[in-house]
Amino acid sequence: MLDELLHRVSNHTPRTLETDRRFPEAAVLVPITRSDEPELVLTLRASGLSTHGGEVAFPGGRRDPEDPDLIFTALREAEEEIGLPPGLVEVIGPLSPLISLHGIKVTPYVGVIPDFVEYLANDAEIAAVFSVPLEFFREDPREHTHRIDYQGHSWYVPSYRYGEYKIWGLTAIMIVELINLLYDAKISLHQPPKSFIKT
């Protein structure tokens with residue numbers, strides 16, 4: 001089942017993002033556990049961080065000048081942040097790049113990891129490491145919808161609540177692309193959901 005889903009990712013052509021080349025680059029790892037009920041591994045960023053403190057995110061960060069490519073960046077950052085050894089990650093392929101609120105071009109890479117990994121969170125950056133079943137997002141159980149106007153378009157971005165964690169923003173956009181790709185879920189980011197109430 002998982003391999004069939006991953007085949008979709010490896011054959012996926014991400015949207016291109018025409019940007020000014022001066023945007024600094026970053027990469028995140030979108031880790032999926034190899035199990036009968038695959039889960040996404042996410043982090044809660046430490047509240048004291050200067051950007052996105054206290055927010056849920058995938059492990060990742062800025063590309064260092066010496067990083068040979070963005071896949072290397074994603075794996076290096078995942079090891080630094082949550083102690084995930086790069087050798088345990090089977091990189092499947094990229095999702096579409098996005099520009100963060102801080103003007104950074106972020107490229108997500110989907111990777112498969114073993115079901116049982118002992119995570120070692122870097123306390124300076126990461127407050128918690130947790131996982132959410134992929135099936136949870138398949139039903140689009142959004143708590144709210146945030147309207148974001150960007151580059152002349154309105155995006156209707158879901159905000160999910162999983163236990164004590166709020167999953168929204170760029171991370172939610174990446175998850176929606178992944179879930180649409182894996183399950184043909186047809187969750188739209190460009191049309192308001194029926195439940196959307198303009199405030």
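Numbers given for residues are sequential positions, taken from 1 along each chain in its written order. Per-residue local features of the predicted model are confined to residues with pLDDT of at least 70, and side-chain atom pairs are confined, for both listing and counting, to 80 or more; whole-chain, interface and lining totals are unaffected and use all residues. Processing note: side-chain calculations cover all non-hydrogen atoms of the structure and skip hydrogens and water entirely.

- You'll find the chain entered in an unreviewed UniProt entry as CoA pyrophosphatase, with Pseudomonas wuhanensis given as the organism.

**A look at the overall build of the chain**
Then, in step 1: Counting secondary structure elements, the chain contains four helices and eleven strands.
Then, in step 2: To get the radius of gyration, use the C-alpha atoms; to get the globule rule, take the number of residues to the power 0.38 and multiply by 2.2 Å. By the compact-globule yardstick of 16 Å for 199 residues, the chain fits well, its C-alpha radius of gyration being 16 Å.
Then, in step 3: Along the first, second and third principal axes, the C-alpha atoms of the chain reach 45 × 40 × 35 Å.
Then, in step 4: Expressed as a percentage of its 199 residues, the buried residues of the chain come to 47%.
Then, in step 5: Every accessible area reported is derived by Shrake-Rupley at a probe size of 1.4 Å, with residue values counting cover from the shown protein chains alone. Summing over all exposed atoms, the chain offers an accessible surface of approximately 10600 Å²; the carbon and sulfur share of this is 51%.
Then, in step 6: One way to put it: in the chain the 18 positive side-chain charges average out to a point 10 Å from where the 30 negative ones average out. Helix numbering and strand numbering both begin at the N terminus, where a helix is a DSSP run of H or I of at least 4 residues and a strand a DSSP run of E of at least 2. With a 1.4 Å probe rolled over the protein chains alone, any residue whose accessible area is under 20% of its type maximum counts as buried; one over 50% counts as exposed, and the rest are partly exposed. Note that His is not counted, nor are the chain ends; the positive residues are Lys and Arg, and the negative ones are Asp and Glu. Working definition for charges: the position is that of NZ of Lys, CZ of Arg, CG of Asp or CD of Glu.

**A word on the sheet that holds strand S11 (residues 165–167)**
Then, in step 1: Taken together, three strands build an open sheet; the order of strands is S9-S10-S11 and the sheet is antiparallel. Two strands lie at the open edges of the sheet, namely strand S9 (144–150) and S11, each paired on one side alone. For this sheet, the mean angle separating the axes of adjacent strands, direction not counted, is 25°.
Then, in step 2: Two strands make a pair as long as DSSP finds a minimum of two bridges between them. Bridge analysis of S9 against strand S10 (residues 153–162) gives seven bridges, and the strand direction is antiparallel. In the strand pairing of S10, His146 is matched with Val157.
Then, in step 3: Whether two residues are in contact is decided by their heavy atoms: any pair within 4.5 Å suffices. The angle between two axes is taken between their N-to-C directions and runs from 0 to 180 degrees, where each axis is a line fitted to C-alpha atoms and a helix contributes only its stretch in contact. Lying over the sheet, helix H4 (residues 169–183) contacts S10 and S11, oriented at roughly 95° with respect to S10.

**Concerning the packing of helix H1 (residues 2–10) against H4**
Then, in step 1: Orientation of H1 relative to H4, taken along the N-to-C sense of each, is 115°, at an axis distance of 8 Å. As H1 packs across H4, the resulting crossing turns out to be right-handed. Contacts from Leu5, Arg8 and Val9 in H1 reach Leu178, Leu181, Leu182 and Tyr183 in H4.
Then, in step 2: Each residue is assigned to one of three groups, with Ala, Val, Leu, Ile, Met, Phe, Trp, Tyr, Cys and Pro labelled nonpolar, Asp, Glu, Lys and Arg labelled charged, and all others, Gly among them, labelled polar. Residue composition of the contact of H1 with H4, grouped by class: six nonpolar, no polar and one charged. In this scheme the crossing of two helices becomes right-handed for a clockwise turn of the near helix relative to the far one and left-handed for an anticlockwise turn of less than a right angle.

**Things to note about helix H2 (residues 70–82)**
Then, in step 1: One fewer than the residue count of a helix, multiplied by 1.5 Å, yields its expected span. Helix length check: H2 (13 residues) gives 18 Å between terminal C-alpha atoms against 18 Å at 1.5 Å per residue, within 8%.
Then, in step 2: If you check which residues of H2 are buried, you get Leu70, Thr73, Ala74, Leu75, Arg76, Glu77, Ala78, Glu81 and Ile82.
Then, in step 3: Turning to H2, the residues buried within the fold contact strand S1 (25–33), strand S2 (39–45), strand S4 (60–62), strand S5 (90–94), strand S7 (105–113) and strand S8 (126–133).
Then, in step 4: Pairing of N or O atoms within 3.5 Å defines a polar contact, subject to two protein rules: one partner must be a possible hydrogen donor and the other a possible acceptor, and residues neighboring in sequence count only if both atoms are side-chain atoms. The backbone nitrogen of Ile71 lies 3.3 Å from a side-chain oxygen of the residue at the head of H2, namely Asp69.
Then, in step 5: Just beyond H2, the residue with positive phi is Gly83, at close to 70°.

**Observations regarding the pattern of salt bridges**
Then, in step 1: Each salt bridge in this description consists of a side-chain nitrogen of Lys or Arg and a carboxyl oxygen of Asp or Glu lying within 4 Å of one another. Applying the stated criterion to the full structure yields twelve salt bridges.
Then, in step 2: Across the salt bridge formed by Asp184 and Arg8, the nearest N and O atoms sit 3.4 Å from each other. Linking Asp184 in the segment after H4 with Arg8 in helix H1, this pair joins segments that are 176 residues apart in sequence.
Then, in step 3: With a shortest N-O distance of 3.1 Å, Glu135 and Arg138 are connected by a salt bridge. Here Arg138 and Glu135 lie together in helix H3 (residues 134–138), a separation of three residues that amounts to about one turn.
Then, in step 4: Where salt bridges share partners, they join Asp64, Asp67, Arg76, Glu77 and Glu80 into one cluster.

**Observations regarding the environment of Gly163**
Then, in step 1: Structurally, the position occupied by Gly163 is in the loop between S10 and S11.
Then, in step 2: Between the C-alpha atom of Gly163 and that of Val132, which follows or precedes it by 31 residues, the distance is 9.7 Å.

**Structural notes on the nonpolar core**
Then, in step 1: Among the nonpolar cores identified, the biggest contains 41 residues, and Leu40, Ile167 and Leu178 are the most heavily contacted of them.
Then, in step 2: Ranked by residues supplied to this core, first place goes to H4 with ten residues.
Then, in step 3: Beyond its immediate stretch of four places on either side in the chain, Leu40 contacts Val30, Pro31, Ile32, Phe58, Phe130, Ser131, Val132, Leu134, Phe137, Ile175 and Leu178.
Then, in step 4: Residues grouped as a nonpolar core are buried Ala, Val, Leu, Ile, Met, Phe, Trp, Tyr and Cys residues, joined through side-chain atoms within 4.5 Å. Within the second largest apolar cluster, 13 residues are counted, among which are Ala27, Leu75, Val89 and Ile113.

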